[in-house]
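Observations on the three-dimensional arrangement
Residues per chain are reported as follows:
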Amino acid sequence: MKNLFIPLILFVGIIMASSLLFSCTSTSVSEKTTKSDIPEPVEEELPFSVRFVQRLQALLDEGKDEEAINLFQELPAEYEKDVELQLIHASLLVSSNRLEEASTLTDKLLLIAPENKDVLMLSVMLAKASGDKSKKTATINQLLKADPNHPQANVELAQEQTLRRNFKQAKRYYEKSLVGDSNNVDALSGYGQVLYYLGEDKESKASLEKALELDPDNGFAYSFLGKLAAEDQNYLLACEYVEKAIECDSGVYDYWLDYGSYLRFRGKFKEAEEAWLKAKDLQPDYFLGFAYLAGLYDEQNRFQEAMKMYQKVLELNPQYYFAYESLGIIAWHEKDYPQARAAFSKALEMNSENVSYPLMVAATYLKENKVNDCRNFLSKQLRNKDVSSVEYSMLRLYYDRINDSQVVRRVQNTSNRNLKGKMLYYLGLFYEINGNDVLSKKYYTEVVNLNSPMFFEFRLAEWAIDNTGK
């Protein structure tokens, strides 16, 4: 799955490092002066702002974030408008998720320094966090007016376009960001992502590898290198990359989904299951992990487990069309005809052109000897159908339950291989329901002999033959 990149940008420490530079003096020392001749700096001689930042850094190094924030209460009044110190304050509030306080402080800083790029960018991120799209857009425009290649502003616009799957526009924004800062890790990572989506694999790999040179703990870059390896069907290498991504951050849902997929392609089904179970546990309210597990259990004929997973998929995402068909197939195998009927009926609602669904619904009624219910259902399905089509003929056969020889001729004369295979299955099913085991086995065997399982009825025919004995 091509997943999307939305990094969290915090400003903690942006100004701190530059502020500490104030502690370095430019005192000239003659060549004959020895180290012992240089007096140790006296703390009281340093500017207050430098001493304050040093205390702040010490608290942060000890993990005392709240104490570091509270330290700002000690600032003398003349420092209330010190943009650099107050920007550190706002950034620390953001890192502690005190966004409302950070936003209030940032708005004050904008009044003091309306063109300060760091303050503007922090305002952008706070507007994003609060969902204020108009403020976010206005502030980004203000930034780009002053600096069209502002790295982080262009990254933000690129990420917006990526979410909209407008990858070409996202690419242009990332390129502007890299003009502003060729070593911007967010831009390099995101650029690698959109190049992957655009099929520019060589360039994507180069960008991601550069991002890793600058940030060796960039799990996102590793994950997309894994996707690139998987595109080349090098699933061993893909696993190695995504394992590194997981080492960087084991709490990312998409990494575990990808890991399971790569393991499955390597035939490591147990390990794939474990990876998808991990994904499911990370996001129990998202359907995709359940869908992957359902497919795996289905392939392994673990039908009861598969049914539970498909049911969970549809509970979380009722619009996931393919799960209805799969659930119907398994329920049919388990002879749970009411559930099969419900599933195929939902599939029919979403795809009324697929003749398989009304035929399967009709078959579930007939399996339960509900002939009148079957006729009532099919009377609606026969409306507006092309009476000259083989699909209409088959629906009519299930409705009337006579003139089967005429339908057989039409099916045998069908040139479309997949359609013919489907219709042969429904001939076999019709004869099975009506107790003619010889003819049912004949047509099921014809389906299986096509050896082209491009339709789910192929699987049903195999099951039917297994039940009657080859």
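Since we're looking at a predicted model, the values are computed, not measured. (Residues numbered from 1 in each chain as written. Predicted model: local features only at pLDDT ≥ 70, side-chain atom pairs only at ≥ 80, totals over all residues. Heavy atoms only, no water.)

This part covers the overall build of the protein chain. The helix and strand tally for the protein chain stands at 26 helices and 0 strands. For 470 residues, the compact-globule estimate of 2.2 N^0.38 gives 23 Å, and the C-alpha radius of gyration of the protein chain, at 33 Å, exceeds that figure by more than 25%. Overall, the C-alpha framework of the protein chain stretches about 110 × 45 × 35 Å when taken along its three principal axes. Taking all 470 residues of the protein chain together, the buried fraction comes to 48%. Here the contacts in the protein chain between residues at least 6 apart in sequence split such that 52% fall between residues at least 24 apart. Of the roughly 24,300 Å² of accessible surface on the protein chain, a fraction of 47% belongs to carbon and sulfur atoms. Treating the 55 positive side-chain charges of the protein chain as one cloud and the 69 negative ones as another, the clouds have centres 11 Å apart. (Helix = DSSP H or I, 4+ residues; strand = E, 2+ residues; numbered from the N terminus. Rg over C-alpha atoms; globule rule 2.2 N^0.38 Å. Buried < 20%, exposed > 50% of the residue type's maximum accessible area, 1.4 Å probe, protein only. Contact = heavy atoms within 4.5 Å. Areas by Shrake-Rupley, 256 points an atom, 1.4 Å probe, with all protein chains shown as cover. Lys, Arg positive; Asp, Glu negative; His and termini not counted. Charge placed at Lys NZ, Arg CZ, Asp CG, Glu CD.)

On to the confidence of the model for the protein chain, then. Overall, the prediction assigns the protein chain a mean pLDDT of 88, with 90% of residues at 70 or greater. Within the model, the stretch residues 1–36 combines pLDDT values under 50 with 64 contacts to residues more than four positions away or in other chains. (pLDDT = per-residue confidence, 0-100.)

With that settled, consider helix 2 (residues 48–61). The terminal C-alpha atoms of helix 2 lie 20 Å apart, and with 14 residues this matches the ideal 20 Å at 1.5 Å per residue to within 8%. Along helix 2, the positions that sit buried rather than exposed are Ser-49, Val-50, Phe-52, Val-53, Leu-56, Leu-59 and Leu-60. Downstream of helix 2 by a residue or two, Gly-63 has a phi angle that is positive, lying close to 75°. (Expected span 1.5 Å × (residues − 1).)

For the rest of this paragraph, the subject is the packing of helix 20 (residues 356–367) against helix 21 (residues 371–381). Viewed as axis vectors pointing N to C, helix 20 and helix 21 meet at an angle of 165°, and their least axial separation amounts to 8 Å. Comparing the axis directions of helix 20 and helix 21 gives the class roughly antiparallel. By crossing handedness, the relation of helix 20 to helix 21 is classed as left-handed. Across the interface between the two elements, Pro-358, Val-361, Ala-362, Tyr-365 and Leu-366 of helix 20 pack against Val-371, Asp-373, Cys-374, Phe-377, Leu-378 and Gln-381 of helix 21. Each residue belonging to the contact of helix 20 with helix 21 can be placed in one class, and the counts come to 9 nonpolar, 1 polar and 1 charged. (Axes fitted to C-alpha atoms, helices over the stretch in contact; angles between N-to-C directions. Parallel < 35°, antiparallel > 145°, perpendicular 65-115°, else oblique. Left-handed = near helix turned anticlockwise from the far one by under 90°. Nonpolar A, V, L, I, M, F, W, Y, C, P; charged D, E, K, R; others polar.)

Let us now look at the packing of aromatic side chains. Counting across every chain of the model gives 26 aromatic pairs. Ring geometry for Tyr-197 against Phe-224: centres 6.0 Å apart, planes inclined by 85°, an arrangement best described as edge-to-face. In this pair, Tyr-197 is assigned in helix 10 (residues 185–197) and Phe-224 in helix 12 (residues 219–231), connecting sequence segments 27 residues apart. By relative accessible area, Tyr-197 is classed as buried at 13%. Summarising the aromatic geometry, the rings of Phe-220 and Phe-224 are spaced 4.8 Å apart at their centres and angled 45° between planes, so their arrangement reads as tilted. Of this pair, Phe-220 and Phe-224 both sit in helix 12, 4 residues apart, roughly one helical turn. Grouping aromatic residues by their ring pairs yields a cluster made of Phe-167, Tyr-196, Tyr-197, Phe-220 and Phe-224. We note Arg-165 situated over the ring of Tyr-197; from NZ or CZ to the ring centre the distance is 5.6 Å. (Phe/Tyr/Trp six-rings, centres within 6.5 Å; stacked < 30°, edge-to-face > 60°. Lys NZ or Arg CZ within 6 Å of the ring centre and 35° of its normal.)

Relative to the elements of secondary structure, Lys-136 occurs in helix 7 (residues 133–146). Residue classification places Lys-136 among the buried residues on the basis of a relative accessible area of 9%. Separated by 2.7 Å, the side chains of Lys-136 and Glu-160 make a polar contact. Setting aside residues no more than four positions away along its own chain, Lys-136 makes contact with Val-124, Ala-127, Lys-128, Glu-156 and Glu-160. (Polar contact = N/O pair within 3.5 Å; in protein donor to acceptor, adjacent residues only side chain to side chain.)

Moving on: the environment of Tyr-431. Structurally, Tyr-431 can be placed in helix 24 (residues 417–433). In the structure, Tyr-431 is positioned 11 residues away from Lys-442 in sequence and 9.8 Å away in space, judged by C-alpha atoms. Residues within four places of Tyr-431 in sequence aside, it is in contact with Asp-404, Val-408, Asn-436, Leu-439, Ser-440 and Tyr-443. A distance of 2.6 Å separates a polar atom in the side chain of Tyr-431 from a polar atom in the side chain of Asp-404.

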